[in-house]
Amino acid sequence: MCYIVGMNLAVIGAGYVGLVTAAVFADLGNQLWVVETDKEKIKKLKQGKVPFYEPGLEELLLKNFEQKRLKFTQSYSRAIPSSEVIFVCVGTPNKKGKVDLSFVYGATKSIAGNLKKPAIVVIKSTVPPGINLKIEKWMKRFTKLEFELVSVPEFLREGKALPDTFSPYRVVIGTGNKVAAEKLLRLHQGIEGERLICSSASAQLIKYASNAFLPTKISFANSIAVLADKFGANVDEVMKGLGMDARIGPDFLGAGLGYGGSCFPKDVAALISLSRKVGHNFRILKAVEKTNQAQINYFLKKISRLCGGEIKNKTLAVLGLAFKPGTSDMREACSLYLIKALQKLGAKVRASDPVAIEEAKKELKGIGFFADPYQALKGADALLLVTEWEEYRNLDFKKVREAMRTPIVVDGRNIYNKEKLEELGFAYEGIGK
Ligand code: NAD
């Protein structure tokens, strides 16, 4: 990209959203500071290393770092005074079912305390609708200078974060201030996608609605998959037929082990709790959450049945640990719940993942980790496909057969061909096939 905008920007928080935002806006020709409180992360970034796996990100950050458009610091006083637009990209994790806003309050306090001229402060973090009034009041305690608080929620998907940020479906700008809206429209000129200017509360609710609707589609597909199992239908065919209806669309109808990750589970829980706070019982979402949790048990029952009714002392090979392909993110990954449940039932677990093993080691104890899937499959009583990495789609099943003790495949993402595997002598079950 060579579109030159040339603004002075700051990004607060060097996580998935912050680093992708920084890389993209630097590449569009802006000067950018990235402020991060974690010393280790800053050290790595200054060495040209991204602390997690996201395709293409390291290269793009390095390129813009070398071309001196990007700088990394722990210090707000270095970054904020010169910045016209400041993006808040800190985490908003789930704390006992509620949104933990402590990082947002921490970051906005430090921004306010270091302002030296009026600026636009953009909240990219996913925050409760209507919170801007509170944050504004809070920031005014630490500065007398003018600032405009705007909401531009982030919709990127991990694993596809760069294409999603250069070409999103939409850019939502939540502000009632025309000057701020125009400046942000100018800043986003090199970025594709439709534009929607709305109130900040609407922008924030759009983000939650989006992160609640997509899991709803997934849980719906999973419920139909259970019926497909019972009625002898094939859920892939059913979803293909369902998705052919343009009013429904084909995306997010893949049946399987359910959703995980850093966003869907926490945002579904947050919207349920935010609804409760204002006296609304969000029944659909509660069912979505329960359906998702039940999916792991459904998978466990399949494993147990295929293994002859007993998981205890079985050696099970789990392929895929990351919550989805293309990322090393293990937050709320299905693999965590599954493996912990298998261990409780007395199984021995051997696991493989192309990039997430180091992250997984922080959460999972007492299992074998193998970068090579064939090593993980050595002596296994069943192959459990959990994350549909490309390399697992293309396994050599003759080699798999030789490695395993018992030829059983339980496919949590419906990626394998039942007939072909059965021809090779495997017992196979997907979800809803
Ligand atoms: P993350 O946890 O990966 O990164 C947040 C970073 O902010 C961390 O590195 C943390 O050390 C840093 N930080 C915390 N407090 C700070 C402070 N006061 N000053 C400077 N740095 C600070 O989070 P993420 O996944 O990038 O998500 C950020 C926000 O964006 C969340 O609200 C999330 O819901 C939302 N979001 C995430 C995604 C995604 O796919 N990860 C997509 C869309 C929206």
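Quick note: structure is the one above.
This text gives an overview of the structure that appears in the document. These numbers come from a predicted model, not from an experiment.

## Quick notes on the overall build of the protein
The helix and strand inventory of the protein stands at 18 helices and 16 strands. Scaling as 2.2 N^0.38, a compact globule of 433 residues should have a C-alpha radius of gyration of about 22 Å, and the protein matches this with 23 Å. Along the first, second and third principal axes, the C-alpha atoms of the protein reach 70 × 50 × 35 Å. Burial statistics for the protein: of 433 residues in total, 53% are counted as buried. Excluding contacts between residues fewer than 6 apart, the proportion of contacts in the protein whose partners are at least 24 apart in sequence is 72%. Total accessible area computed for the protein in this model is approximately 20000 Å², and 54% of it derives from carbon and sulfur atoms.

## Overview of the pattern of salt bridges
According to the stated counting rule, one finds 20 salt bridges in the structure shown. Between K302 and E429 there is a salt bridge, with the nearest N and O atoms lying 2.7 Å from each other. Taken together, the residues span a long stretch of sequence, with K302 in helix α12 (residues 283-306) and E429 in strand β16 (residues 427-429) at a distance of 127 residues. Given a relative accessible area of 1%, K302 falls into the buried group. When its relative accessible area of 17% is taken as the criterion, E429 is described as buried. When salt bridges that share partners are traced, they join D229, K302, R305 and E429 into one network.

## Thoughts on the environment of V104
With respect to the element layout, V104 can be found in helix α5 (residues 102-114). Taking the relative accessible area as the measure of exposure, V104 reaches 1% and is therefore buried. Considering only alpha carbons, one finds V104 and I135, 31 residues apart in sequence, at a separation of 8.5 Å. Other than its neighbours up to four places away in sequence, V104 contacts V90, T92, S125, V127 and I135.

## What to know about the nonpolar core
I303, L342, L383, L384 and Y416 are the most contacted members of the largest nonpolar core, which totals 63 residues. Here this core gets 6 residues from one element, more than from any other, and that element is helix α13 (residues 334-344). For L342, the contacting residues outside a window of four places in its chain are L300, I303, I311, L316, V318, A347, V349 and L384. Of all hydrophobic cores here, the second largest spans 41 residues; its members include V20, L45, V150 and A180.

## Quick notes on unusual backbone geometry
In this structure, K96 is a non-glycine residue whose phi angle is positive, near 50°. The phi dihedral of N414 falls on the positive side, at around 50°, and the residue is not glycine. Its location among the elements puts N414 in the loop between β15 (408-411) and α18 (418-423). With a relative accessible area of 10%, N414 lands in the buried category.

## Quick word on the pairing of strand β2 (residues 31-35)
Taking burial as the measure, the 5 residues of β2 include 4 buried ones, the bulk of the element. Pairing analysis gives 5 bridges linking strand β1 (residues 8-12) to β2, with the strands arranged parallel. When the bridges of β2 are listed, N8 appears paired with Q31. Handedness of the β-α-β unit built from β1, helix α1 (residues 16-27) and β2 comes out right-handed. In this structure, β2 lies alongside strand β3 (residues 70-73), joined through 4 bridges in parallel fashion. Looking at β3, one finds that W33 is bridged to K71.

## Description of the site of the ligand
Around the ligand lies a shell of 26 residues, among which E36, K41, Y76, T92 and K266 are the nearest. A distance of 2.9 Å separates an oxygen atom of the ligand from a polar backbone atom of T126. When the ligand is considered free in solution it has 830 Å² of accessible area, and contact with the protein chains removes 89% of it. Grouping the constituent residues of the shell around the ligand by class yields 11 nonpolar, 8 polar and 7 charged. Residues from two domains meet in the shell around the ligand; each of domain 1 (8-198) and domain 2 (213-429) gives at least three.

## Remarks on the layout of surface pockets
Roughly 420 Å³ of volume is contained in the second largest pocket. In terms of lining, the second largest pocket is formed by 18 residues, of which the most central are P128, P129, I131, L274 and K277. Counting only elements with at least two residues in the lining of the second largest pocket, the list comes to β6 (98-99) and α11 (264-277). Split into classes, the residues belonging to the lining of the second largest pocket amount to 11 nonpolar, 4 polar and 3 charged. When residues are assigned to domains, the lining of the second largest pocket turns out to be shared by domain 1 (8-198) and domain 2 (213-429), each giving three or more.

## Observations regarding empty space enclosed by the protein
The tally for this structure, following the rule as stated, stands at 4 cavities of 30 Å³ or more. When its volume is computed, the largest cavity comes out at roughly 150 Å³. Lining the largest cavity are 16 residues, and of these K124, E154, T165, P168 and V171 sit closest to its centre. Among the secondary structure elements, those contributing two or more residues to the lining of the largest cavity are α1, α7 (161-166) and β9 (170-174). For the lining of the largest cavity, the per-class residue count stands at 9 nonpolar, 3 polar and 4 charged.

How each quantity is defined
- All residue numbers refer to positions counted from 1 along the written sequence of the respective chain.
- Whole-chain, interface and lining totals are the exception, using all residues; otherwise, since this is a predicted model, local features are given only for residues with pLDDT of at least 70 and side-chain atom pairs are given and counted only at 80 or more.
- For side-chain calculations, the full set of non-hydrogen atoms in the structure is used, while hydrogens and water are omitted.
- In DSSP terms, a helix is any run of H or I states spanning at least four residues, a strand is any run of E spanning at least two, and both are numbered starting from the N terminus.
- To get the radius of gyration, use the C-alpha atoms; to get the globule rule, take the number of residues to the power 0.38 and multiply by 2.2 Å.
- Only protein chains enter the calculation, and the probe is 1.4 Å; a residue is then buried if its accessible area is under 20% of its type maximum, exposed if over 50%, and partly exposed in between.
- Note on contacts: a residue pair qualifies if any of its non-hydrogen atoms lie within 4.5 Å across the two residues.
- Accessibility throughout is a Shrake-Rupley quantity obtained with a 1.4 Å probe, and a residue counts as covered only by protein chains that appear here.
- Criterion for a salt bridge: a side-chain nitrogen of Lys or Arg within 4 Å of a carboxyl oxygen of Asp or Glu.
- Take the buried Ala, Val, Leu, Ile, Met, Phe, Trp, Tyr and Cys residues and link them wherever side-chain atoms come within 4.5 Å; each set so joined is a nonpolar core.
- Only when DSSP finds a minimum of two bridges between them are two strands counted as paired.
- A crossover counts as right-handed when, viewed with the strands pointing away from the observer, the path leading from the first strand over the helix to the second turns clockwise.
- Nearness here has a simple test: a residue counts as near a molecule or strand if at least one of its heavy atoms is within 4 Å of that partner.
- As used in this structure description, the phrase polar contact means that two N or O atoms lie within 3.5 Å; if the pair is within protein, one of them must be able to donate a hydrogen and the other to accept it, and residues adjacent in sequence are counted only when both atoms belong to side chains.
- Ten residues, namely Ala, Val, Leu, Ile, Met, Phe, Trp, Tyr, Cys and Pro, are considered nonpolar, four, namely Asp, Glu, Lys and Arg, are considered charged, and the remaining ones, Gly among them, are considered polar.
- Where each domain starts and ends follows an automatic or database-derived domain assignment.
- The way it works is a 1 Å grid over only the protein atoms, where trapped points that fit a 1.4 Å probe form a cavity and open points with protein on both sides within 12 Å along at least five of seven lines form a pocket, and then any residue with an atom within 4 Å of a point lines it.
- Grid points are joined across faces, edges and corners, and a volume is the space filled by probe spheres set on the points.

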